[in-house]
Amino acid sequence: MPHTASRYLAEGPRVGIRHFTYEDGAEFIARARESKDLHQPWLFPPTTDAAYAGYAGRLIEDRSKAGFLVCEKDADGAIAGFININNIVEGGFQCGALGYGVFAHAAGRGLMREAMGLVVDYAFGPMRLHRLEINAQPGNAASIALARGAGFRLEGFSPNMIYIDGAWRDHERWAITAEMRAAR
């Protein structure tokens, strides 16, 4: 089912971002299955109806999360990837942690870089966040390049930070603030 530009929260020349829906399940699952070799060992997006329903439900219903689908404007809104803001803390902190993935058919085309800019601007604009963080495994060169390209700065290293694929994994911590974004 084609997605119209009117459904986008923000859009650039090639992509638009919009929130997840339950109806996106079949397309998301198919893209995730096609992208298994690209994602692993870094990322394990849902590949079954039940897993997608739980995943999307958390992004749709939990106020401490915001999920954004990256959609290709020239491909009738086909889903190219996703960027989620997790662990959103309001009050004096106004911060969230980003998680993201591109699907294989869209990898290496700069679509995620464009989408990352849209999400960061949306987070610092309508969402009124002040700080965004990215935790990336040191060997995940593509993830680190996306963080760096979006203006995030390296702030530190955390050994054994996140449990992924059966083990505690080291992560580099990257961050950007609204002031940093405004200065770009």
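Residues numbered from 1 in each chain as written. Predicted model: local features only at pLDDT ≥ 70, side-chain atom pairs only at ≥ 80, totals over all residues. Heavy atoms only, no water.

Within a sheet, neighbouring strands are paired by backbone hydrogen bonds and run either parallel or antiparallel to one another. The strand order across the open sheet built from eight strands is 1-2-3-4-5-6-8-7, with neighbouring strands paired in mixed fashion. Two strands in the sheet have a free side with no partner beyond their single neighbour: strand 1 (10–11) and strand 7 (153–164). In the sheet, strand 3 (residues 66–72) pairs with strand 4 (residues 78–89) via seven bridges, with the strands oriented antiparallel. Counterpart to Ala66 in the pairing with strand 4 is Ile85. Across the sheet, helix 3 (residues 49–61) lies against strand 3 and strand 4, angled at about 55 degrees from strand 4, the strand it touches most. (Pairing = 2+ DSSP bridges. Helix = DSSP H or I, 4+ residues; strand = E, 2+ residues; numbered from the N terminus. Contact = heavy atoms within 4.5 Å. Axes fitted to C-alpha atoms, helices over the stretch in contact; angles between N-to-C directions.)

For the rest of this paragraph, the subject is the packing of helix 1 (residues 25–34) against helix 3. With their axes 10 Å apart at the nearest point, helix 1 and helix 3 run at an angle of 110 degrees to one another. For the element pair helix 1 / helix 3, the angle class is roughly perpendicular. With respect to the hand of their crossing, helix 1 and helix 3 are arranged in right-handed fashion. Along its contact with helix 1, which presents Gly25, Phe28 and Ile29, the element helix 3 presents Asp49, Tyr52 and Tyr55. Residues of the contact of helix 1 with helix 3, tallied by class, amount to four nonpolar, one polar and one charged. (Parallel < 35°, antiparallel > 145°, perpendicular 65-115°, else oblique. Left-handed = near helix turned anticlockwise from the far one by under 90°. Nonpolar A, V, L, I, M, F, W, Y, C, P; charged D, E, K, R; others polar.)

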